[in-house]
Amino acid sequence: MELRSGTGAQALSWPSNIHVLIDGPGLAVVEGARALLKLLTSDKLVELQALLRLLEFCDELCGHYVRDPLDHRSGKPTYDEPHEDSRLCNPEQLISFLKALPRMDGVRLARRVAQYTIDESGSPMESYFNHALTLPPRLAGLSLPKPLANKQLRINDDERGLMLHDSLRPDLQWPEQRVLAEYLGDEPHAGKAARVEDKNRLLDYASTRYVAFPLMFDDVRNATALNRTAQMIARELMHKGCPQALYRVRRIQSREGFASKQNTLIATLLPPVKRYDDVG
């Protein structure tokens, strides 16, 4: 796609005889797949690492955050403001574009990964936790039903009358089972105002028919914590109409070789977190 001179909120201009071309989201994913294939053939990555790295890029394209382009792993992401939507595409558009492409290096890998892209994820941590719960076991996930991410909570008028917020968009929600999970970050939630906001959101969730799981870094920081949290959510989903969810999660966790795959997922997708010792 061509970037037009003098367009955008912060317009840039260049001579008319210069054409600036940039990859659209779909081609950027293919280019990323090509680069990862080179690392695979040189044994610098294993296949699961390549798939997960490409998946986190797809999530970013379809999410409400942008990682630091110079330091994807440790740099501080930039997030959309409330009611802002800077997504470059959605998963349906990405999948449709890749499906229409002719054969070329990277397309097959890109198509394989794009089907698992999260729509409207709000942070790298949300993407990590979502995938850890829902990806199929061959990709190191626990195969729980895929939740909605940052979508408007469906509530009735009686519930709305008790709420402190006009609307709620939980990080993850399973609307049919009326279960949700909210990740409460560490450093951004250290101040008093942030803690009050977290408290008010939890009170609002308690006013609804949803069962809410408030989570922090210690609940997802390693395989032991992640599996414990997954079992709690799976148990609730099972009680709300997902047959055998808890027992399926336990079977997956006990499979030979799964622990190694899960540790790869954690090492690849879990963002570094700056902790705080005293929130004041």
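Residues numbered from 1 in each chain as written. Predicted model: local features only at pLDDT ≥ 70, side-chain atom pairs only at ≥ 80, totals over all residues. Heavy atoms only, no water.

1. What to know about the overall build of the protein chain
Helix and strand counts for the protein chain come out as 10 helices and 8 strands. Residue burial in the protein chain is summarised as follows: out of 280 residues, 45% are buried. In the protein chain, the proportion of contacts linking residues at least 24 apart, taken out of those at least 6 apart, comes to 65%. (Helix = DSSP H or I, 4+ residues; strand = E, 2+ residues; numbered from the N terminus. Buried < 20%, exposed > 50% of the residue type's maximum accessible area, 1.4 Å probe, protein only. Contact = heavy atoms within 4.5 Å.)

2. Here's the deal with the packing of helix α2 (residues 47-61) against helix α4 (residues 107-114)
The contact between α2 and α4 brings their axes to 9 Å, and the two run at 70°. Classed by the angle they form, the pair α2 and α4 counts as roughly perpendicular. Between α2 and α4 lies a crossing whose hand is right-handed. Contact with α2, carried on its side by Glu 47, Leu 51, Leu 54, Leu 55 and Cys 58, involves Leu 109, Ala 110, Arg 112 and Val 113 of α4 and no other residues of that element. In terms of residue class, the contact of α2 with α4 is built from 7 nonpolar, no polar and 2 charged. (Axes fitted to C-alpha atoms, helices over the stretch in contact; angles between N-to-C directions. Parallel < 35°, antiparallel > 145°, perpendicular 65-115°, else oblique. Left-handed = near helix turned anticlockwise from the far one by under 90°. Nonpolar A, V, L, I, M, F, W, Y, C, P; charged D, E, K, R; others polar.)

3. Focus on the sheet that holds strand β7 (residues 179-183)
An order of β5-β6-β7-β8 is seen for the 4 strands of this open sheet, with the pairing classed as mixed. Unpaired on one side and paired on the other, β5 (148-149) and β8 (211-215) mark the two borders of the sheet. The sheet contact formed by β7 and β8 spans 5 bridges and is parallel. Within β8, the residue paired with Ala 181 across the bridge is Phe 213. Of the strands in this sheet, β5, β6 (172-174), β7 and β8 touch helix α5 (residues 124-134), which is tilted by about 35° from β6. Along the sheet, helix α8 (residues 223-239) contacts β6, β7 and β8; its crossing angle with β8, the most-contacted strand, is approximately 175°. (Pairing = 2+ DSSP bridges.)

4. Notes on the confidence of the model for the protein chain
In this model, the protein chain carries a mean pLDDT of 87, and residues with pLDDT of at least 70 account for 86%. Note that pLDDT drops below 50 for residues 276-280; the model gives that stretch 8 contacts with residues more than four away or on any other chain. (pLDDT = per-residue confidence, 0-100.)

5. Some thoughts on a positive patch on the surface
A surface patch of like charges, here positive, comprises Arg 138, Arg 251, Arg 255 and Lys 261. Along the chain, Arg 138 falls in the loop between α5 and β5. (Patch = residues over 30% accessible without salt bridge, like charges linked within 9 Å, V, L, I, M, F, W, Y side chains within 5 Å. Areas by Shrake-Rupley, 256 points an atom, 1.4 Å probe, with all protein chains shown as cover. Salt bridge = Lys/Arg side-chain N within 4 Å of Asp/Glu carboxyl O. Lys, Arg positive; Asp, Glu negative; His and termini not counted. Charge placed at Lys NZ, Arg CZ, Asp CG, Glu CD.)

6. Brief notes about the nonpolar core
Ranked by internal contacts, the top residues of the largest apolar core, which has 60 residues, are Tyr 128, Phe 129, Leu 133, Ile 233 and Leu 265. Broken down by element, the residue count for this core peaks at 8 residues, all from α2. If we ignore the near neighbours within four places in the chain, the residues touching Leu 133 are Leu 142, Ser 143, Leu 144, Leu 172, Trp 174, Ala 230 and Ile 233. (Core = buried A, V, L, I, M, F, W, Y, C linked by side-chain atoms within 4.5 Å.)

7. Examining the pattern of salt bridges
Within this structure, the stated rule accounts for 12 salt bridges. One salt bridge connects Glu 56 with Arg 67, and the closest N-O pair in it is separated by 3.3 Å. Note that Glu 56 is positioned in helix α2 and Arg 67 in the loop between β3 (65-66) and β4 (78-79), a separation of 11 residues in sequence. For Arg 67, a relative accessible area of 7% puts it in the buried group. The salt bridge partner of Glu 236 is Lys 240, with a shortest N-O separation of 3.2 Å. For Lys 240, a relative accessible area of 32% corresponds to the partly exposed category. Put simply, Asp 85, Arg 87, Asp 119, Glu 120 and Lys 151 are held in one network by salt bridges that share partners.

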